[in-house]
Amino acid sequence: TLPAALGPLLHADAFVLVGDHHQLPPLVANEEARSAGADVSLFKRLCTSHPEAVAELAVQHRMAEDIMLLSNTLVYSGRLKAAS
């Protein structure tokens, strides 16, 4: 969560986040928290506000090409390549 991540980050000279902001967002049941933006991950916020700092990895190793076809088409605009 954002509050849990901010503490350590405030003490760092630099940091690296690894993940995929296109995947599942935080699940926030509280409407007030959701309307305050708690349903947007720190990773998504940083990718949106600093796109020049994002390094996208295009080769994925978790799925065969046929399985990744749908998400590759709908989410990644064909930029993903299967390792096998």
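Quick notes on the rules
- Residues numbered from 1 in each chain as written.
- Predicted model: local features only at pLDDT ≥ 70, side-chain atom pairs only at ≥ 80, totals over all residues.
- Heavy atoms only, no water.
- Helix = DSSP H or I, 4+ residues; strand = E, 2+ residues; numbered from the N terminus.
- Rg over C-alpha atoms; globule rule 2.2 N^0.38 Å.
- Buried < 20%, exposed > 50% of the residue type's maximum accessible area, 1.4 Å probe, protein only.
- Salt bridge = Lys/Arg side-chain N within 4 Å of Asp/Glu carboxyl O.
- Patch = residues over 30% accessible without salt bridge, like charges linked within 9 Å, V, L, I, M, F, W, Y side chains within 5 Å.
- Areas by Shrake-Rupley, 256 points an atom, 1.4 Å probe, with all protein chains shown as cover.
- pLDDT = per-residue confidence, 0-100.
- Contact = heavy atoms within 4.5 Å.

Further remarks concern the overall build of the protein. In terms of regular secondary structure, the protein is built from four helices and two strands. For the protein, the succession of helices and strands along the chain, N to C, is α-α-α-β-α-β. In terms of overall size, the protein is more extended than a compact globule, its C-alpha atoms giving a radius of gyration of 16 Å where 84 residues would be expected to give roughly 12 Å. Across its three principal directions, the C-alpha atoms of the protein cover 40 × 35 × 20 Å. Split into buried and exposed, the 84 residues of the protein put 13% on the buried side.

As enumerated under the stated definition, the model contains two salt bridges in all. Among the salt bridges present, the one from Arg34 reaches Glu31, with a minimum N-O distance of 2.6 Å. You can see Arg34 and its partner Glu31 sitting in helix α2 (residues 31-35), three residues apart, about one turn around the helix. In this structure Arg34 comes out as partly exposed when scored by relative accessible area, which is 30%. Of the charged contacts in the structure, one is a salt bridge between Arg79 and Glu56, with a shortest N-O distance of 2.9 Å. Note that Arg79 is positioned in the loop between α4 (65-74) and β2 (81-82) and Glu56 in the loop between α3 (42-49) and β1 (59-60), a separation of 23 residues in sequence. Look at Arg79 and you get partly exposed, because its relative accessible area is 35%. Residue classification places Glu56 among the partly exposed residues on the basis of a relative accessible area of 47%.

Time to look at a nonpolar patch on the surface. A contiguous nonpolar surface patch, about 310 Å² in accessible area, is contributed by Leu70, Leu74 and Val75. Structurally, the position occupied by Val75 is in the loop between α4 and β2. For Val75, a relative accessible area of 35% translates into the label partly exposed.

For Ser77, which is not a glycine, the phi torsion comes out positive at approximately 50 degrees. Its place among the elements puts Ser77 in the loop between α4 and β2.

Here the focus is the confidence of the model for the protein. Counting all residues, the mean pLDDT for the protein is 88, and 99% of those residues have values of 70 or more. Ranking the helices and strands of the protein by mean pLDDT puts α2 first, with 93, and helix α1 (residues 2-10) last, with 82.

Below, the discussion takes up the environment of Ala38. Relative to the assigned elements, Ala38 resides in the loop between α2 and α3. Take Ala38: its relative accessible area is 37%, and that puts it in the partly exposed class. Separated by 39 residues in sequence, Ala38 and Ser77 have C-alpha atoms that sit 27 Å apart. Beyond its immediate sequence surroundings of up to four residues, Ala38 is in contact with Pro26, Val28, Ala33 and Arg45.

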